[in-house]
Each structure stands twice: as structure tokens, then as C-alpha cells.
Amino acid sequence: MTEARPDTAASASLWERDAELAAITDAIEELCVDQASPGRVLVFRGEAGIGKTALLTEARRIAKERGCTAWYARGGETVTSVPFNVVRQLLQPALLELMDGETRDYLGDWYEIAGPALGLAEPGESPADPQHVCDGLVAAVGRLVRRTWPLVLLIDDAHWADQETLHWLSALTGRLAEMCVLVVVARRPGEATGEQARLLQEIAAVAGPVTKISALTPDATAGLTRSTVGEHADDAFCREVWAVTAGNPYETVELLAKVKDSQLDPVEDSAAELRALNKTARGHGLVARLEELGVEATRFAWAAAILHTGITVEIVARLAGLPMATARECAELLTQARILTPPDPANRQPDDGDLVFVHPLIATAVYDSILPSVRTAFHGVAATVVTESGRGPAAASRHLIEVLPDGEPELVEQLRAAATEHLAVGAPEAARRCLERALQEPPRPDVRVRVLYELGCATLLTAPAKTVEYLRSALAEPGLDNAERVNAVFRLSQALVHNDQLGEAIRTVDEEASRLEPGPARMRLQAARYMWEGIHAGEEVSPTHSQELGELAATCTGRDNSERALLILRGFDAMARGENAEVVVEHCDRALVNGRLAPGLGWTDDEWGMELLLMLTTAYAYADRLDRAESLCTEALRTYESAGWSGGHLALAHAYVALAHRRRGRLREAEESLRKSLVFAERVGRGLPLFWTSTCNLIDTLLARGHVQEAWEIADKNGFAPPYPSPIVLPDPRSVRGRLLLAVGRTEEGINELEAAEKAADARGHHNTLLVPWGGDLARALANEDPRRAVEIAGLVRRRAERYGTDTAIGEALRVEAALATGKQAANLYAKAVTYLEASPSAYEHAAARVEYGIAVRSATELKRGLTLAESCGADGLAEQAREALVALG
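(A) The pairing of strand β3 (residues 151–156), seen in detail. Taking burial as the measure, the 6 residues of β3 include 6 buried ones, the bulk of the element. Side chains of β3 alternate between two faces, with L151, L153 and I155 and V152, L154 and D156 buried alike. Where strand β2 (residues 69–74) lies against β3, 6 bridges are found, and the strand directions are parallel. Opposite T69, over in β3, you have L151 as the bridge partner. Read from β3 through helix α8 (residues 163–173) to strand β4 (residues 181–187), the crossover connection turns out right-handed.

Below, the structure written as C-alpha cells:
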């Protein structure tokens, strides 16, 4: 085999690249200054052959020259469906260099999460959460940066990177303020579509202005021509080289190589032959040139294009059906013809094999030249070769999905197995592609229904509309047993709710429940109906919801999880409606087994989902049973972190840990947890219910701390304003926004918002004065302009609080009445409020009552007690109020 061609192409691609190289050099030098400096991302965009790879190769050389560690990876046109392909190329070699067992120690808690995606660990049995896998890969880079700083990551042909890698890269570039790493990305314009295009736009937005790589000028082309074919090349010939290639460095180099091979005299008289010569380097001309090398060489090139990566003479020989001696001759011919070449040592990847295509344009042309029927047959053989090599169904799946459907049961099972592997490493989109291809085979009727069900499960978190379609199809066909059918209906209702089809979700579970005999399965679907109604506001909620739920729960003893679910729902409904808190706690306690969640009803159990347990936690929190609430939300956080569940699950877990802190009066801790929650929620998607939950609770906490301006800024940044989402957000966002408007001095708007909260709460029958706290703020706001109505509202709040019966609710109601009273009446009401709130777990409300009481009776002792409590809670505004009152008392 001949040596690789000279690096003329690389040098050509660096002509007129001074600006780009200066930008790269400056970024590398900034990186090397200080490990605490923020990272950067550079994005270079250019057409095929414009010199992107040469630019990244030079960037790698510059980085190493300055003492940096530089890692390189590239996307590939025929491997965009391989999940984590590019990020694995980038990070796997460095991690494999660690000693045995050192990788696990190095990645720590992230090993089980990110290890399977990187090919370093066996995947678990259950599906991995894609967002948490992405977070694990970002964390892996953070740890590698600390170990190998300064670190430069070079990603070539990013337009062909797999979706999972681009998701990771978008997350990484969004967090470069936290880690000192330089990311250099090269891509073509317009090649990526759909989600890949969106993610590339996010990456480019972080980079700022994207650098467009320009074609060579006529002068540069002339210089390159003369340095290649001789200084005697005349101006007319050089101008024609530029005109024929449009200044594309790769095409220029290939054309000049053919000029040398054909011994064409580089003068004006020969210029007319350049166009015909240039056609042999691309498209049909390249294919014709390939065919001239012979049938065996053509088959060798076809097989190499099918493989794309890991091109070895031995594997290509098996795939093309060639004797080894013939295969070696073909490799020699194709290398001499500048179609294949040994991998560039600077950019070599672990799976490169013996050969790579000289340029992606050649790989594309060769792949496209294969007749569809022949290409399909090649992919079928390639799948067999990959499977026999022991790499597993997932590795073979990119070939399997290209095979023509033929009703082959074994292929269906291979694709189902591949989907399971993809789900286990956190690649649901890859799983979906495999299962959709399995449907096309088609599978046997008894298997088809399970493929549809598996598709519904695979797309639940990523594509609710698709989930609805697949699960409806599965339910319309025979083959699911009763338990599977109930599971499918429950999952379908979940997907419908997430797809904003609450009414259809309720009808779906109602119809299926009506077909079932009384028992746990039917009760599970009935519970699902009340759960969706309970957490989603809207006109489609039955006006008899609470009555029906109460009657059904009255028959439950908590003997199975369906009954336990109904008891939780009844407890939550009683809490929201403001029934006596003892009723709330009694129903919730009966749903537990020895004070703990029942088996099958845990935070990661998929039979019920997390919504039910969040309702249980909320009911306890607002019933002053914070011991139970704290235990549940702490368990949720620990469980999700250890199981590798991230995204929405972890966002809500942090939010509910913050709820426990907030109810306890630990405002600093609540704020810290909510900021973590908001980070996770933002990654899942702004505007979603969990994003509202994190935002609403953070604003409520900041207001309690007295940080009004910061609360207003977060509300403005996060769009915390009407219209509100249909799912219930706790505490009530209208009430919190009304309080915020009052705090910033927009009194009229605040009153309007609180009155809207009153109407919305009355429409749903939500009379818990802590959960929907519009009354206290509205009464205080109306104290001067409409004192009569203010007193009426305060009385209503008091009556509802006494009905609910918790110390916190009654103490808060007394504070409202005291704020509207004067003299001894105010002092007596504040004294009672202090007594109730001192007995409650709500330290912040207790502190506020102490300060207000101290001001009312001009007591330095009470003010000092209130100040001490306020400082311990982190209520800075309340503490300042107490200090000012003490100063006023002298």
C-alpha cells in the first residue's frame, strides 16, 4: 500500500486563513492564562471542501504547541443515527487511558449514569433518563478539565453529529462559565435539520458571531497552482483553475493533482481541459473513475462506504465477498487513486481502522452511487458482521434499519433488543427509530401489539403526540393481557395530559374502567381520572369531582396501591378545599404502610408516576405535618439522584425539598434548593408547569426574605405573568404575583390580580388559605380604600382557617385581622397570632407575628425575639423592620 498523499490539501486549506488562525490562537492563549477563567466556544462554518478539517487540525497543533491537551472527534453522514457517537470519540480515549478501576473512581456517582453512554460500563436494566445522562457527560468534562487543563475539544463535521451528542454539546457550551475549556466546532451550513439544527443554533448562539470560512481568492489560487505544478503556470491557466473550482481548496488540490498526473502543461492553451478534468474528482466523474479501477475495487469502495468507520481490509473483504489478497490489491488501487487513505495521525480515532475516505465528499459520492438494492444487501451483511463481532444489537441497528422489510421475525427481535439497549443508555430517539423500523417488517400480530406498546413507552418523555398514536393503536389490537392493557391505558392518559388533552385523558380512563369488573385494576383507572382532574385546572373538571372522590375513597381501607392512591387523592382534595386538617392527615396516613411508601408506590415506580406522591407531599406540608413532608421529598431527591433520573424529576424534587424548607421558615435553604430546581427546569423547557413551579416558589421565597427587586427581576426574566398554565401550580401563582405587584408599588394591578385569584379559587372550591393565600394580601391592600370589604375578607380568611384548623392557618388569619385593627384589639389579636404560630412549625410566620406584635405594643423584648427569629430564618427584610422599630424605641 502506498503512503498517504502529501499534506498539500492541508496547506492549501490554510491559505488566507490568518484571521481564523488568529482567533483560535487568541482563544487558546486566553485558556492557558488561568484555570478559573470561563471557557469559550468558536464555531466555523463553511461549504464542503473549504478547509474546516485542516483548520481544526492546525488548531490542534497550536494547542499542543502551547501545552494544551486537545481531543478531536467528527460526525459522519451515515452514522448520524448512532447515539453518543461523537461524544464517545471525544471522551472515551482519555477515560480508557486511566488505570483499571480508576475510571469508576474518577467519575464517581456519574459512572453508572454516563459510563454506558461512553461505552465504559454495561447499561442497567431500566431506561436511563436522557437529561441525567447528558448532565453526567457534562460533569465528566468538568472533571477531565480539572485533570487535564488546559483542554481543547475539537468537533469536526458537527452537522453530522448524532442528536445525543448535540444535546450534550449544547448543555456543555451553556455551562462554559463554570469550566475552563475551549470548544471549537466546524460545520457545513444547511445540512442539519429538525432537532439537530435547533441544537446547532443553540451552540452558535453561545459562540456569538459564527465565523464563515471563505473560498480562496484568485491570487491565492494562483499561488497554490504555481507551488504545486510549477512556477511557469501562466496567469490565464491559474485564473481558469480558480474559475473551475470556485476557489474551493479541496477541489483545487484534487484538480492540480490530476494536472500533475496527466502531465498537462499549465499554460493558457491547456486551460480548456481543466473543466473536464475537474469532473473526474466529483459526482458522476468520480464514480466513473472508480469503475475504471475494476469491479473488485468498486465493491471494496462500496463496502467501505457502507461501514463508514472501522474500515479494515479484513472486514471489508468479508463484507464485499473478496479474497484477502484481492482486497489488499483493491486497497492499494484506491489509495493510489486518492479515494481512500490511511487515517491522519493527528486526527486518528480509535475506530478508524486501516483506512478512511480522503474526504467526506468522496464517501458521500461512493455511497450514493450504490444501487439501492445492492446498498440494502450490503447493510444486511454488515449487520451480520457487526453482530458476529460481539458488539451487540445496538451497534448493528444502524444497518438493520436500512434493510428492506421482509417479514423476518429474527430481525424484529434484533431491533427490539437494540431499542432496549438504546433506552438503557438514555437514547430514546434511537430506540424509537428501531421500533418504528420493526413495525415496517412487519412483525407477527401477537408481536406487533407489543412493539406498539414498547414504542409508546419509548416516546412517553420525548413525544407525547407519538405516544398517543402508538398506544391507541396497541389498544385497538388484540394481544395485550389485562394487566398490560391497564398499563397501556394509564400511560395513554399520561401522554394525553402532557399533550394538553385533559378531557380526552379522562374519557379514556373512564371508558376502560367501565369495561372492568370491580377490583384493583378498575380502581387504578378511577384513581387516574381523579388524579388528572386534581392537578389540572379547567372547565372539563367535573363539578361533582370532590363528592364522587369522597364516596369512592370512603370504601377504601388501603389494602392495595389502587386504594392507597385514592386515599392520597382524597387527602389532597380535602387539603385544597380547606377541610379540617385532621381529615387530610387521616387519609394520607392510611395510604402509607408503617409510615412509609408501599412497595410499588415509590418515586421511581412507573405504575403511578411521581404526580401522586407529590400530591401526598403537598397535603402533608400544608397540613402542618412537615415531618412526613420532609421525609418524602428528601427521599425523592435521594432516589432520583442515585437512580440517575434528572430533568423534570430532579427539578420537582428540589422544588419540594424547598417547600419543606419554606414551610419550616428556612428561607436561605429554600432559595438554594429552588435555584437548583430552576436550573433543571430550564433545561427541560421554559414555560412548562415544572418551570412555573420553580419560578413561583422562588419568587414567593424571595418576597419572604425581603428581596423584592430580585423577585421582580426573576418574574420579568421568566415570564411570570398571565396567561397561567392549566396544571395547578402551588402555591397559587395569581396570589404570589398579586403579592409581588403590591411589593413593588403597583397596588391597583396587585389588587386586580388578587381578585382574579379569588375568583379562580372559588371556581375550583380551593379554600385553603395557605395554599391560595390571596385573602390576607387583598385585605391589607384594601385597608385604606375599602376598609369595610377588607374586614369582610379578613373575617372570611379567619373562618376558613378555623375550619382547616392548623396552627399556621389560624395564626396567619389572626395576623390579617390584627393588621386591620388598632389599639388593644390589635395587640390582643397579635398576641393570639404569636401563640398559634409559636406552636406551629412555621418559623418565618412566627417571626413576622413577633415583630408585628412588638411594634403594636412598643415592646423591645418582643422585637428582639422577632429579630432573632427573622435572622435565623434569613428574612432580611423582616429583620431590618425589627431593627428600625428598635431604633425608634430608643
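(B) The environment of N768, seen in detail. The topology assignment puts N768 in the loop between α38 (747–764) and α39 (774–781). On the basis of relative accessible area, N768 is assigned to the buried category, the value being 1%. Sequence separation of N768 and N580 is 188 residues, and the distance between their C-alpha atoms is 9.9 Å. Every residue in contact with N768, bar those within four places of it in the chain, is listed here: M575, A576, R577, G578, Y622 and Y804. A polar atom in the side chain of N768 sits 2.9 Å from the backbone nitrogen of L770. Polar contacts involving the side chain of N768 include one to the side chain of Y804, which spans 3.5 Å.

(C) Empty space enclosed by the protein, seen in detail. A full pass over the atoms with the stated rule returns 2 cavities of 30 Å³ or more. Counted as a void, the largest cavity has a volume near 50 Å³. Lining the largest cavity, in full, are T618, Y622, A655, Y656, L659, T693, N697, L730 and P731. Listed by contribution, the elements that provide at least two residues to the lining of the largest cavity are α31 (610–622), α33 (648–664) and α35 (689–705). Top element by residues in the lining of the largest cavity is α33. It accounts for 3 residues.

Conventions and cut-offs
- Residues numbered from 1 in each chain as written.
- Predicted model: local features only at pLDDT ≥ 70, side-chain atom pairs only at ≥ 80, totals over all residues.
- Heavy atoms only, no water.
- Buried < 20%, exposed > 50% of the residue type's maximum accessible area, 1.4 Å probe, protein only.
- Helix = DSSP H or I, 4+ residues; strand = E, 2+ residues; numbered from the N terminus.
- Pairing = 2+ DSSP bridges.
- Right-handed = clockwise from strand over helix to strand, strands pointing away.
- Contact = heavy atoms within 4.5 Å.
- Polar contact = N/O pair within 3.5 Å; in protein donor to acceptor, adjacent residues only side chain to side chain.
- 1 Å grid on protein atoms, 1.4 Å probe; cavity = no way out; pocket = protein on both sides within 12 Å on 5 of 7 lines; lining within 4 Å.
- Points joined across faces, edges and corners; volume = space filled by probe spheres on them.

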